[in-house]
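Results of the structural survey
What follows is each chain in one-letter form.
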Amino acid sequence: MKKHNFSAGPCILPKEVFLKASEAVMDLDNSGLSILEISHRSPAFVDIMNEARDLAIELLGLKGQGYQALFLQGGASLQFIMSAYNLLENKAAYLDTGSWSTKAIKEARKLAEVDVVASSSDKNFNYIPKDYNIPKDIDYFHCTSNNTIFGTQIKEFPDTDAPVVCDMSSDIFSRQIDFSYFDVIYAGAQKNMGPAGTTLVVVKEEVLGKVSRDIPSMLDYKIHIGKDSMFNTPPVFAVYTSLLNLRWLKEKGGIEAIQKENENKAKLIYSEIDINPLFKGFANKPDRSTMNATFYLVDDSLKERFDKMCKEAGINGVNGHRSVGGYRASMYNALPKESVGTLVEVMDELERKA
Ligand SMILES: *Cc1c(COP(=O)(O)O)cnc(C)c1O
């Protein structure tokens, strides 16, 4: 039986996507060849790559605005240093909202000065800092739109004239924002776009070419753009499966349609967390993520019982990250509302029986 998969990543994908991807492993579109054995230079794969790149730009509403989409490797973690390599000359401003942004800061510091404009480390990152100043003399401002581990999400992005770089790994394609506000967006596929193995990078071309350093080829956005995201062998299966998922999203009505579903799922879990006296939310209410809901049991002695009930209900992947503890329900695009309903029922049942 299919489990209710709340895993923080790699994530649940739609059943149709799993089916079509598995068919393509045996035979890609009746070609007599597997997606895993065709040349990445073959017309069939070139089409797949081009469609995936175009569809990413289209779904983000960035068509005709000077952006390029790349499907790279090395995860979002490589983008911490790669984005800095391409954009950081003297100084950059970073917002520190938890583990992933802390790591991004550490990497950028290897190249130049980093000004941490605000941090929520004083409260174990349970909120998004607001009312901070972004200096003018910077190469770019970097932020993390959704903090997967802590369950916080930036709802309003700050005003700045500087280019903006954003790690959107865990909420890309989940909500409608003005994506043209950003100059570089990066996202490891395995949170909300596809399987592990590829990273989507969306770059506004005009911000490139301004640093004086000699960038290693594999880290140079311009080189990847010049080769249509095929400078070296791309992760063909991860790109193909991501494409299937982007097609699924488009068919559903795009980001606008999925945002409504995501908001409904989030409402369902958060109202249970707030109404059920046995549970307490971790994140500051106005900053709560629609993707990752973090919460804990007020009375830890109920843990064993609750865990057992979850298991019996087929609920998978709700353990919190070790730096927060408690529970985390990740509700990415493909997670059905019924799964959230099942979790809420179990929380309810615990209250009735406790
Ligand atoms: C998971 C995650 C990362 C790291 O992604 P990798 O692809 O494993 O390198 C970075 N940022 C955020 C926000 C994440 O959720």
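Residues numbered from 1 in each chain as written. Predicted model: local features only at pLDDT ≥ 70, side-chain atom pairs only at ≥ 80, totals over all residues. Heavy atoms only, no water.

At a minimum axis distance of 7 Å, the contact between helix α7 (residues 236-252) and helix α8 (residues 254-275) shows a crossing angle of 80°. With respect to their mutual orientation, α7 and α8 come out roughly perpendicular. Contacts between α7 and α8 involve Trp 248, Leu 249, Lys 250 and Lys 252 from the former and Gly 254, Ile 255, Ala 257, Ile 258 and Glu 261 from the latter. By residue class, the composition of the contact of α7 with α8 is five nonpolar, one polar and three charged. (Axes fitted to C-alpha atoms, helices over the stretch in contact; angles between N-to-C directions. Helix = DSSP H or I, 4+ residues; strand = E, 2+ residues; numbered from the N terminus. Parallel < 35°, antiparallel > 145°, perpendicular 65-115°, else oblique. Contact = heavy atoms within 4.5 Å. Nonpolar A, V, L, I, M, F, W, Y, C, P; charged D, E, K, R; others polar.)

In the vicinity of the ligand, 13 residues are found, and the nearest of them are Ser 77, Thr 148, Asp 167, Gln 190 and Lys 191. At 2.9 Å, a side-chain N or O of Gln 190 approaches an oxygen atom of the ligand. Expressed as a share of its isolated accessible area of 380 Å², the protein-covered part of the ligand is 88%. Breaking the shell around the ligand down by element, the ones donating at least two residues are α3 (75-87) and α5 (189-192). (Near = heavy atom within 4 Å. Polar contact = N/O pair within 3.5 Å; in protein donor to acceptor, adjacent residues only side chain to side chain. Areas by Shrake-Rupley, 256 points an atom, 1.4 Å probe, with all protein chains shown as cover.)

Running from N to C, α8 and helix α10 (residues 337-353) point in directions that differ by 5°, and their axes come no closer than 9 Å. On the basis of the axis angle, α8 is roughly parallel to α10. Residues Asn 264, Lys 265, Leu 268, Ile 269, Glu 272 and Ile 273 of α8 pack against Lys 337, Val 340, Gly 341, Leu 343, Val 344, Met 347 and Asp 348 of α10. For the contact of α8 with α10, the residue count by class is seven nonpolar, two polar and four charged.

Take the domain arrangement of the protein chain next. Once the domains are mapped, the protein chain shows domain 1 (4-9 + 254-353) and domain 2 (15-252). Taken together, the contact pairs 29 residues of domain 1 with 30 residues of domain 2. Taking both partners together, domain 1 and domain 2 bury about 2,400 Å²; carbon and sulfur atoms supply 53% of that area. On the domain 1 side of the contact with domain 2, Ile 255, Phe 282 and Asp 287 bury the most area, a combined 27% of that side's loss. Summed over the shared surface of domain 1 and domain 2, the result is two salt bridges. Linking Asp 287 and Lys 130 is a salt bridge whose minimum nitrogen-to-oxygen distance equals 2.8 Å. (Domains from an automatic or database assignment. Buried area = accessible area lost by both parts, 1.4 Å probe. Salt bridge = Lys/Arg side-chain N within 4 Å of Asp/Glu carboxyl O.)

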